[in-house]
Amino acid sequence: MHPAASVIVFTTLSGAGLGMLAWLGFDSTPSTGWGAFGYYFIAFALAVGGLISSTFHLGHPERAMKAFTQWRTSWLSREGVCAVLALSIMGLYAAGLIFLGEAYAILGWIGAILSLGTVYTTSMIYGQLATIPRWNTPFTSLLYLTFAIAGGALLTGKVTIALVLLVAAAFVQVIWWKKGDTAFADRGSNLGTATGLGDRGAVRSLAHPHTSPNYLMREFIHIVGRKHAQKLRVISLVLMAGVPVVLLALFPVSHFIALLAVLSHLAGVATSRWLFFAEAEHTVGIYYGMR
Amino acid sequence: MTDLPTSTEKKLGLVIDLDTCVGCHACVISCKGWNTENYGAPLSDQRPYGEEPMGTFLNRVHSYEVKAEGQVAQTVHFPKSCLHCENAPCVTVCPTGASYKRQEDGIVLVNESSCIGCGLCAWACPYGARELDQAEGVMKKCTLCVDRIYNENLPEVDREPACVRTCPAGARHFGDFADPESHVSKLTAERGGMDLMPELGTAPVNKYLPPRVKDSWDDESVLAPFLEPVAQEPKGFMSWLDKQLSRLPGDVKEMEGAE
C-alpha cells in the first residue's frame with residue numbers, strides 16, 4: 001500500500017492524543033486550572049491535528065459532514081462519530097477542570113472510553129479489509145490500542161506504567177510483524193485463484209493492461225520502500241520503546257528528558273506506521289504479477 | 001444507508017468468455033468512450049501525450065500465460081471490470097452512503113455528489129474495479145452502462161453495456177443471472193462459469209468462462225479419417241517420368257540414404 005503522509009501523521013498523532021485523553025479521563029486525582037490546561041492543550045492538539053491531517057487525502061473534504069451518516073456499516077463513519085463524541089465530552093470535562101476546578105468524573109470516564117473507542121474504530125478501518133491479509137487480524141486493533149495507551153501514559157507522565165506499557169507495545173509489535181509476514185500466503189489468494197485458471201497450470205502475467213502505471217498500481221503496489229524494511233523495524237522499535245525506556249529508567253525525570261522520550265516515541269510510532277502501509281500487500285497486486 | 005440488500009430482484013451482470021477473447025481492447029475503448037461523456041464525471045487522463053500517461057478506466061484487459069507441465073504455454077486475455085458482487089465489500093465500508101447496491105437489479109453504483117474521495121472502497125475491492133479519478137477526486141467504477149440498458153432513446157439492439165455491444169469476438173455477454181433460463185445463466189452452467197477469488201467470499205455476479213481444452217501436437221484430428229490422402233501415386237506419363245527421374249542420382253531420398 002502507498003504510505004500516504006497524511007494518514008501516517010493522522011494515526012500517529014491522534015493515537016497518542018486519544019491515548020492521553022483516555023489517561024486524563026480515567027485519572028482519579030486530576031490536576032485543575034493551568035496544570036490541567038497544559039495537559040489538555042497537548043492532548044487536543046495531537047488528536048485534533050491528526051484528525052485534520054486525515055482530511056488532506058480526501059478528494060472532496062468539503063463533503064466530510066456526510067461521513068457521519070453511515071455508522072451502521074462503515075468503520076470510517078463510526079470513527080468520525082466516535083471522535084466527535086470523545087472530543088466533545090472530554091472538552092466539557094476539561095472545561096470543568098480548568099475553569100471551575102470541578103472534576104465531573106462520569107464525563108471523564110465516558111470521554112476516556114470513547115477516546116479508546118475512537119482508536120479502536122481507526123484500527124478496524126484497516127483490520128476489516130480482507131483484501132490486505134497483513135491487516136486483517138484482531139491483532140491490528142491490539143497494536144493500535146497498545147500504542148495509544150503506552151503513548152498516552154508517557155505523555156501524561158505516568159512513568160512506571162509507561163515503562164511497562166512501552167515494553168508491552170514492543171512485544172505486540174513484534175508479534176504483529178511475525179504474523180503479518182506469512183498472512184498473505186496463508187490466505188491462499190494467488191494468480192491461480194484470481195484468474196480461476198490455477199488448476200490448468202502455472203499462471204503468470206504476460207502484459208499489464210497499459211504500458212505505464214495506473215491509480216491501482218500506485219495505490220496498492222509499493223515495492224521500493226520494502227527494501228529497508230528489516231532495518232526500519234529495528235529503528236522503529238528502538239525509537240518507539242527502547243530510547244524512552246532507557247531515558248525514563250536511567251535519568252531523573254525532568255521536562256527535558258520527558259520531551260526527548262516523547263519525541264523519540266512519536267518518531268518510532270511514525271516509522272512503524274510507515275511500515276504498516278509500505279509492507280502491506282493488497283490482492284490487486286496479484287493481477288499485475290506484483291505485490 | 002450502505003447496508004447491502006438482502007436479495008435483489010434481478011442479478012444483472014456479464015459473462016466473459018476467456019476462450020473467445022482475443023485481447024483487442026475494443027471493450028476498454030468503447031467503455032471509456034461511452035462513460036467519459038455520460039453517467040457522472042468524465043474519465044480523466046493525466047499526461048495523455050507525455051511521459052507515463054495515466055487515466056481512469058472502468059475496464060482493463062490483462063494478458064496471462066498458463067503453462068501446465070509438459071504442455072505448450074497458452075495465452076489468456078483477461079478483461080476485468082466491476083463484478084457487481086452480491087456481498088460487495090466496497091459498499092459497506094463507504095462512510096457517506098455514496099456507494100450502494102441497487103435492490104431492483106443488483107448494480108453497484110456510486111452517487112458521485114456524495115463521494116468524498118476517501119478511497120476506502122477501492123481498498124476494500126479485491127479486484128481493482130474502482131479507480132479514484134485524479135481530476136475529479138471521486139470514485140469511478142463500472143455502472144454496467146445503467147444509462148444504456150434502460151435507455152428507451154436508444155435502438156433496442158444498443159440497450160446493453162458498451163463493452164458487450166462492441167466486442168468483435170462475441171466474448172462478452174450481458175444478462176440476468178437471477179433467471180435460470182437466461183442466456184448468461186445457461187452459458188455459465190454449460191461452460192463451468194467461474195468466480196474470481198472465491199476464497200474472499202464476495203460472491204461476484206459476473207462469471208468467467210474458462211478456455212476450452214486445446215488439442216496437442218500428438219493428437220490426431222477427429223476429422224482425419226474423413227480426409228482424402230493428399231499424396232497420391234502418379235499415373236500414366238507422370239508415372240513413367242517419375243520412374244525415369246528416380247533412376248538418376250541426386251534425388252532427395254538418395255541423398256538422405258547416403259548420409
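Quick caveat, the model's predicted, so the values are computed rather than measured. (Residues numbered from 1 in each chain as written. Chains lettered and ligands numbered in written order. Predicted model: local features only at pLDDT ≥ 70, side-chain atom pairs only at ≥ 80, totals over all residues. Heavy atoms only, no water.)

## Observations regarding the overall build of chain A
Definition in use: Helix and strand definitions here come from DSSP, where helices need a minimum of 4 consecutive H or I residues and strands a minimum of 2 consecutive E residues; each element is numbered from the N-terminal end. We compute the radius of gyration from the C-alpha atoms alone; for a globule the expected value is 2.2 Å times N to the 0.38, where N is the number of residues. Here the term buried applies to any residue with accessible area under 20% of the maximum for its type, exposed to any over 50%, and partly exposed to those in between, with areas from a 1.4 Å probe on protein chains only. In short, Shrake-Rupley with a 1.4 Å probe defines the accessible areas, and a residue's cover is counted only from the protein chains shown. Only four residue types enter the tally: Lys and Arg on the positive side, Asp and Glu on the negative side; His and the chain ends are excluded. For charged residues, the charge sits on one atom: NZ in Lys, CZ in Arg, CG in Asp, CD in Glu.
Looking only at helices and strands, chain A has 11 helices and 1 strand in total. Walking chain A from its N terminus toward its C terminus, one meets helices and strands in the order α-α-α-α-α-α-α-β-α-α-α-α. Computed over its C-alpha atoms, the radius of gyration of chain A comes to 21 Å, within 12% of the 19 Å expected for a compact globule of 291 residues. For chain A, the C-alpha atoms occupy an extent of roughly 75 × 45 × 30 Å along the three principal directions. Buried positions account for 53% of the 291 residues belonging to chain A. Here chain A has roughly 12400 Å² of accessible surface; of this, 73% comes from carbon and sulfur atoms. Seen as two clouds, the 18 positive and the 10 negative side-chain charges of chain A have centres 7 Å apart.

## Here we look at the domain arrangement of chain B
Put simply, the test is: The start and end points of each domain follow an automatic or database-based domain assignment.
By domain assignment, chain B separates into domain 1 (12-209) and domain 2 (229-255). Using only C-alpha atoms to locate each centre, domain 1 of chain B and domain 2 of chain B end up separated by 62 Å.

## Description of helix α6 (residues 159-187) of chain A
All names here are of chain A. Our working definition: Multiplying 1.5 Å by the residue count of a helix minus one yields the expected span of that helix. By definition, a residue's bend is the angle between the axes fitted to the seven residues ending there and the seven starting there. Contacts: residue pairs with any heavy atoms within 4.5 Å of one another.
Here α6 spans 41 Å end to end across 29 residues, near enough to the 42 Å set by a 1.5 Å rise per residue. The largest bend in α6 is about 30°, located at D181. Burial in α6 covers these residues: A162, L165, L166, A169, A170, V172, Q173, W176, W177, G180, A183 and F184. On its buried face, α6 sits against α1 (5-26), α5 (138-155), α9 (229-250), α10 (255-278) and α11 (284-287). One or two residues past the end of α6 sits G188, with phi positive at roughly 85°.

## Some thoughts on the sheet that holds strand β4 (residues 59-67) of chain B
Applied cut-off: Strand pairing is defined by DSSP finding a minimum of two bridges between the two strands. Axis definition: a line fit to C-alpha positions, over the contact stretch in the case of helices; interaxial angles, taken between N-to-C directions, run 0 to 180 degrees.
Taken together, the 3 strands give an open sheet; going across it, the order is β1(A)-β4(B)-β5(B), and neighbouring strands pair in antiparallel fashion. The open sheet terminates on both sides in strands that have one partner only, identified here as β1 (202-207) of chain A together with β5 (74-81) of chain B. Between one strand axis and the next, the sheet turns by 35° as a mean value, whatever way the strands run.

## Thoughts on the pattern of salt bridges
Threshold: For this analysis, a salt bridge means a side-chain nitrogen from Lys or Arg found within 4 Å of a carboxyl oxygen belonging to Asp or Glu.
All told, the structure shown has 19 salt bridges over all chains when counted by the stated rule. The closest approach of N and O atoms between R204 of chain A and E65 of chain B, which form a salt bridge, is 2.9 Å. One end of the pair, R204 of chain A, is in strand β1; the other, E65 of chain B, is in strand β4, on a second chain. Here E65 of chain B falls in the buried class, since its relative accessible area comes to 17%. The network of salt bridges with common partners includes R134, D181, R233 and E279 of chain A.

## Observations regarding the packing of aromatic side chains
The condition is simple: Ring pairs shown here join Phe, Tyr and Trp side chains whose ring centres sit within 6.5 Å, with only the six-membered ring taken for Trp; geometry is labelled stacked below 30 degrees between planes, edge-to-face above 60, and tilted in between.
As enumerated under the stated definition, the model contains 21 aromatic pairs over all chains in all. Both rings, one in Y126 of chain A and one in F277 of chain A, keep their centres 5.5 Å apart while their planes meet at 85°; by these two values the pair is edge-to-face. Here Y126 of chain A, found in helix α4 (residues 105-127), pairs with F277 of chain A, found in helix α10; they are 151 residues apart in sequence, far enough to count as distant. The residues Y126 of chain A and F277 of chain A share a single accessibility class, namely buried. Taken together, a centroid distance of 4.9 Å and an interplanar angle of 5° make the contact between F78 of chain B and Y208 of chain B stacked. Within this pair, whereas F78 of chain B is found in strand β5, its partner Y208 of chain B is found in strand β11 (residues 207-209), the two being separated by 130 residues in sequence. Among the residues examined, F78 of chain B registers a relative accessible area of 0% and is labelled buried.

## Let's talk about the packing of α1 of chain A against α4 of chain A
Residues and elements named next belong to chain A. To keep it simple, the criterion reads: Here the angle decides the label: under 35 degrees means roughly parallel, over 145 means roughly antiparallel, 65 to 115 means roughly perpendicular, and every other value means oblique. By convention, the crossing between two helices is left-handed when the near helix turns anticlockwise from the far helix through less than a right angle, and right-handed when the turn is clockwise. Gly is put with the polar residues, along with every residue not named as nonpolar or charged; the nonpolar set is Ala, Val, Leu, Ile, Met, Phe, Trp, Tyr, Cys and Pro, and the charged set is Asp, Glu, Lys and Arg.
Between α1 and α4, the least distance of the axes is 7 Å, while the angle of their chain directions is 155°. Classified by the angle their axes make, α1 and α4 are roughly antiparallel. Crossing of α1 over α4 shows left-handed handedness. Side by side, α1 and α4 meet where V7, F10, T11, L18, L21, A22, G25 and F26 of the first sit next to G108, W109, A112, I113, S115, L116, T118, V119, T122 and Y126 of the second. Looking at the contact of α1 with α4 residue by residue, the classes come out as 12 nonpolar, 6 polar and no charged.

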